[in-house]
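Structural overview for review
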Amino acid sequence: TAVTATNNKIRVSPLQGSQHPTSQKSQPTFGFTVNWSYSDAVTVFTGQCFVDEDGKEILKTMWLLRSQVDSMKDDWEATR
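Because the structure is a prediction, the values reported are computed rather than measured.

Moving on, we get to the overall build of the protein chain. The helix and strand tally for the protein chain stands at 0 helices and 4 strands. The secondary structure elements of the protein chain, listed N-terminal to C-terminal, are β-β-β-β. Residues classed as buried in the protein chain amount to 18% of the 80 residues present. Relative to all contacts within the protein chain whose residues are 6 or more apart in sequence, the contacts with residues 24 or more apart total 26%.

This part covers the pairing of strand β2 (residues 29-35). Regular strands place their side chains on alternate faces of the sheet. Across 5 bridges, strand β1 (residues 15-19) lies against β2 in antiparallel orientation. If you follow Gln16 over to β2, its bridge partner there is Thr33. Both β2 and strand β3 (residues 41-51) contribute to a ladder of 7 bridges, which runs antiparallel. When the bridges of β3 are listed, Val34 appears paired with Thr43. Hairpin connection between β2 and β3: a loop of 5 residues separates the two successive antiparallel strands.

Turning to the confidence of the model for the protein chain, a few remarks are in order. Put simply, the protein chain has an average pLDDT of 84, and 88% of its residues get 70 or more. Model confidence for the protein chain, summarised as mean pLDDT per element, is weakest for β1 at 89 and strongest for β2 at 92.

Throughout the structure, instances matching the rule amount to 3 aromatic pairs. Ring geometry for Phe30 versus Phe32: centroids 6.3 Å apart, planes at 15°, classification stacked. In this structure Phe32 comes out as partly exposed when scored by relative accessible area, which is 25%. Relative to Phe45, the ring of Phe32 lies with its centre 4.7 Å away and its plane at 20°, an arrangement referred to as stacked.

This part takes up the sheet that holds β2. The strand order across the open sheet built from 4 strands is β1-β2-β3-β4, with neighbouring strands paired in antiparallel fashion. Strand pairing shows two members of the sheet lacking a second neighbour, β1 and β4 (57-67), which therefore form its edges. Going from strand to strand, the sheet's axes swing by 15° on average, the running direction of each strand aside.

Reading guide: rules and limits
- Residues numbered from 1 in each chain as written.
- Predicted model: local features only at pLDDT ≥ 70, side-chain atom pairs only at ≥ 80, totals over all residues.
- Heavy atoms only, no water.
- Helix = DSSP H or I, 4+ residues; strand = E, 2+ residues; numbered from the N terminus.
- Buried < 20%, exposed > 50% of the residue type's maximum accessible area, 1.4 Å probe, protein only.
- Contact = heavy atoms within 4.5 Å.
- Pairing = 2+ DSSP bridges.
- pLDDT = per-residue confidence, 0-100.
- Phe/Tyr/Trp six-rings, centres within 6.5 Å; stacked < 30°, edge-to-face > 60°.
- Axes fitted to C-alpha atoms, helices over the stretch in contact; angles between N-to-C directions.

This is the structure:
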């Protein structure tokens, strides 16, 4: 992705998110955003934590990465 395809030094990047408390939902949903400090990109993640019949936790997630582009004509290639 644009985040890993860089010659910039990889740095810690701010993460902001939320999750439904597990006391309210046994299979909580969550979402978070990462504003990459070393790239002109932001990634959003969303998903749900499932617990199978053996007690194993499994995260199912989706993500979108948005890179900065110089014009609206490049909009389509900016989101992965």
